[in-house]
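Descriptive structure summary
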Amino acid sequence: MANTLSYLDKQSSLTVKFDLPAVIASQASLNFNNISQEVKKMFALFLYEHKQISLSKACELGEFSQW
């Protein structure tokens, strides 16, 4: 993965778009009015739980407080 991302600037970002069935979003109790932020937070926590990023990076990515 490091080789793939070596050309990217550390400040650059990627936009990811995918179809999420409404039934899955509902079962996950996602807020339909703020679904992008909800999924972003879940992804940040997933990466942290799987030791891919630090807690501070997860908070930064998910836009929530560590405290």
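Small disclaimer: the values here were computed from a predicted structure and weren't measured. (Residues numbered from 1 in each chain as written. Predicted model: local features only at pLDDT ≥ 70, side-chain atom pairs only at ≥ 80, totals over all residues. Heavy atoms only, no water.)

1. Some remarks on the overall build of the protein
Helices and strands together make up the secondary structure of the protein, namely four helices and zero strands. Written out in order from the N terminus, the α and β elements of the protein read α-α-α-α. For the protein, the proportion of its 67 residues judged to be buried stands at 12%. The contacts in the protein between residues at least 6 apart in sequence include a share of 6% that link residues at least 24 apart. Accessible area for the protein stands at about 6,100 Å²; split by element, carbon and sulfur atoms hold 55% of it. (Helix = DSSP H or I, 4+ residues; strand = E, 2+ residues; numbered from the N terminus. Buried < 20%, exposed > 50% of the residue type's maximum accessible area, 1.4 Å probe, protein only. Contact = heavy atoms within 4.5 Å. Areas by Shrake-Rupley, 256 points an atom, 1.4 Å probe, with all protein chains shown as cover.)

2. Some remarks on a nonpolar patch on the surface
A cluster of nonpolar side chains, Val-16, Phe-18, Leu-20, Val-23 and Ile-24, forms an exposed patch at the surface whose accessible area comes to about 470 Å². On the accessibility criterion, Leu-20 (33% relative accessible area) is partly exposed. (Patch = residues over 30% accessible without salt bridge, like charges linked within 9 Å, V, L, I, M, F, W, Y side chains within 5 Å. Salt bridge = Lys/Arg side-chain N within 4 Å of Asp/Glu carboxyl O.)

3. What about unusual backbone geometry?
One non-glycine residue with positive phi stands out, namely Lys-51, at about 55 degrees. By secondary structure assignment, the location of Lys-51 is in the loop between helix 3 (35–49) and helix 4 (55–62). Look at Glu-63: it is not a glycine, yet its phi comes out positive at around 55 degrees. Locating Glu-63 in the fold gives a position in the segment after helix 4.

4. A look at the environment of Gln-66
One can find Gln-66 in the segment after helix 4. Given a relative accessible area of 41%, Gln-66 falls into the partly exposed group. Remark: the alpha-carbon pair of Gln-66 and Leu-55, spanning eleven residues in sequence, is separated by 7.4 Å. Once residues within four sequence positions are removed from consideration, Gln-66 is found in contact with Leu-55, Ser-56 and Cys-59.

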